[in-house]
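Architecture at a glance
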Amino acid sequence: MTAIEDIRHSLRNELAELNALIERSLDSSNQLMNQVISNYLQHKGKQLRPMLVILTAKLFDGLNRNAITAAASVEMLHNASLIHDDVVDESSTRHGHDTINAIWDNHIAVLVGDFFVSSSLQLAIGTRDMRVIDTIASLGKLLSLGEMDQIYNARYHQLDEEAYFKIISHKTASLFVSCVSMGAYCANVEDDRLTRIRRFAELFGLCFQIKDDIFDYFSDEKIGKPTGNDLREGKITLPLLYALATGGDNEMLELSRKEVLTDKEIADLIEYAKAKGGIEYAERTMDRLRNEAADILRSFGDKPEVDTLMAILNYVIDRDN
């Protein structure tokens, strides 16, 4: 087994309880809704986000029913965002599987995504913990703001690292921060340990997104999106940002600001980012963030959950899809 499969195996009881709760929560009186959701749930993915909720609760000796419920809630909200993203992006596949909008249509996909959102909120309310409820409600806002920031920056060509990190902090890292926050709340931890684990989760999320962005500079069908897809959508990510900031090529800078790019222009920008060390810079950035995250984890002492959280971070940075 791979490292992530080993971790999933070690949490098999908790994940089984989590997935059973998700299935029960998404059951409805509508046969079509049940059919679409049943097909969708056959491909659960790695479930990194609920794993972080569970591991944080275990780290603070507070794994309980509320932690499993909170983990299910955040997993459903995350899936709702993916379903809606597929509609917006007109995606026909995600990680090699047909999307809901491809199998059915956009109307059904939006309704199913909305059903996931409402079910997520119901689960959060079921914890009767206002901290968990507030975290889920706030997360929905942050995810939307992250997407809007990205659209704004693409439209108005805000090309700098500060803007980039603000976007990925909102659209990606906020989800992981919410996960560990809920795990800590379920263990009744609100002291400096909460501050530290939140920072770890932010670093985790930044690394996750930077790695995803690096994938877009290479051809690999396993990744589930074509090379240059971000550039087609006007998104300038860290490797190209670095190249544009340090390469001194005004022609490439102007090209990156075009509203619509041809396939050749996208290929030129990708090769420019590679030639100017953009990939290596992004990898060095992840290593720097990983080192800070490791220091934070060490502050929690010699616990098995510390090793597991570090192993998941290493997986996120070293994965090939």
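Residues numbered from 1 in each chain as written. Predicted model: local features only at pLDDT ≥ 70, side-chain atom pairs only at ≥ 80, totals over all residues. Heavy atoms only, no water.

Side note on the packing of helix H12 (residues 238-247) against helix H15 (residues 278-298)
The cut-off we apply is this: Helix axes are fitted only over the stretch in contact, all axes being lines through C-alpha atoms; the angle between N-to-C directions runs from 0 to 180 degrees. Counting from the N terminus, the helices are DSSP H or I runs at least four residues long and the strands are E runs at least two residues long. The handedness criterion is simple: a crossing whose near helix is rotated anticlockwise from the far helix by less than a right angle is left-handed, and one whose near helix is rotated clockwise is right-handed. Contact definition: two residues touch when any of their heavy atoms are within 4.5 Å. Throughout, the ten residues Ala, Val, Leu, Ile, Met, Phe, Trp, Tyr, Cys and Pro are labelled nonpolar, Asp, Glu, Lys and Arg are labelled charged, and all others, Gly among them, are labelled polar.
Interaxial distance between H12 and H15 falls to 8 Å at its minimum, and their mutual angle equals 115°. In the packing of H12 onto H15, the handedness of the crossing is right-handed. Taken together, the residues of H15 that come into contact with H12 (itself represented by Leu 238, Pro 239 and Tyr 242) are Gly 278, Ile 279, Tyr 281, Ala 282, Arg 284 and Thr 285. Classifying every residue of the contact of H12 with H15 by side-chain character gives six nonpolar, two polar and one charged.

A few points about the side chain of Asn 79
Applied cut-off: A simple rule labels every residue: compare its accessible area, found with a 1.4 Å probe on the protein chains alone, to the largest value its type can have, and call it buried under 20%, exposed over 50%, or partly exposed in between.
By the secondary structure assignment, Asn 79 is in helix H5 (residues 65-89). Overall, the relative accessible area of 11% leaves Asn 79 in the buried class. Asn 79 has contacts with Tyr 40 and Phe 116, leaving out every residue within four places of it along the chain.

Overview of the confidence of the model for the chain
Formally: The predictor rates its confidence in each residue with pLDDT, a number between 0 and 100.
Looking at the chain as a whole, its pLDDT mean stands at 92, while 97% of the residues score no less than 70. Across the chain, element-level confidence peaks in H15 with a mean pLDDT of 98 and bottoms out in strand E1 (residues 93-94) with 84.

Section: the nonpolar core
For the record, the criterion: Joining through side-chain atoms within 4.5 Å is the link that ties buried Ala, Val, Leu, Ile, Met, Phe, Trp, Tyr and Cys residues into a set, and such a set is a nonpolar core.
The biggest cluster of nonpolar side chains holds 107 residues, and the ones touching the most others in it are Val 112, Phe 116, Ile 197, Phe 200, Ile 210 and Leu 240. Sorting elements by how many residues they give to this core places helix H9 (residues 161-186) first, with 13 residues. Apart from residues no more than four positions distant in its own chain, Phe 116 is found in contact with Leu 26, Ile 37, Tyr 40, Leu 41, Met 76, Asn 79, Ala 80 and Ile 83.

Comments concerning empty space enclosed by the protein
We apply this condition: Cavities and pockets were defined on a 1 Å grid built over protein atoms only: a cavity is a set of grid points that admits a 1.4 Å probe from which the probe cannot escape, a pocket is an open set flanked by protein on both sides within 12 Å along at least five of seven lines, and lining residues are those with an atom within 4 Å of any such point. Grid points are joined across faces, edges and corners, and a volume is the space filled by probe spheres set on the points.
A complete count under the given rule lists two cavities of 30 Å³ or more for this structure. As a volume, the largest cavity reaches approximately 90 Å³. Around the largest cavity, the lining residues are Asn 19, Ile 22, Tyr 40, Leu 41, His 43, Lys 44, Gln 47, Glu 75, Met 76, Asn 79 and Phe 116. At the level of elements, helix H2 (12-25) and H5 are the ones that each hand at least two residues to the lining of the largest cavity. Here the lining of the largest cavity gets three residues from one element, more than from any other, and that element is H5. Of the residues assigned to the lining of the largest cavity, the class counts are five nonpolar, four polar and two charged. Estimates place the volume of the second largest cavity at around 40 Å³. Surrounding the second largest cavity, Asp 216, Tyr 217, Gly 228, Asp 230, Leu 231, Lys 235, Thr 237 and Ile 270 form its lining.

Focus: the environment of Ile 7
By secondary structure assignment, the location of Ile 7 is in helix H1 (residues 3-10). Sequence separation between Ile 7 and Met 51 is 44 residues, and the spatial gap between their C-alpha atoms is 9.1 Å. Beyond its immediate stretch of four places on either side in the chain, Ile 7 contacts Met 51, Thr 308, Ala 311 and Ile 312.

Details of unusual backbone geometry
Even without being glycine, Glu 90 reaches a positive phi, approximately 55°. Glu 90 sits in the exposed class, given a relative accessible area of 69%. Its identity as a non-glycine residue notwithstanding, Arg 128 has a phi of 55°, on the positive side. Of note, Arg 128 is situated in the loop between helix H7 (106-126) and helix H8 (130-156). Of the residues examined, Arg 128 reaches a relative accessible area of 77% and is grouped as exposed.

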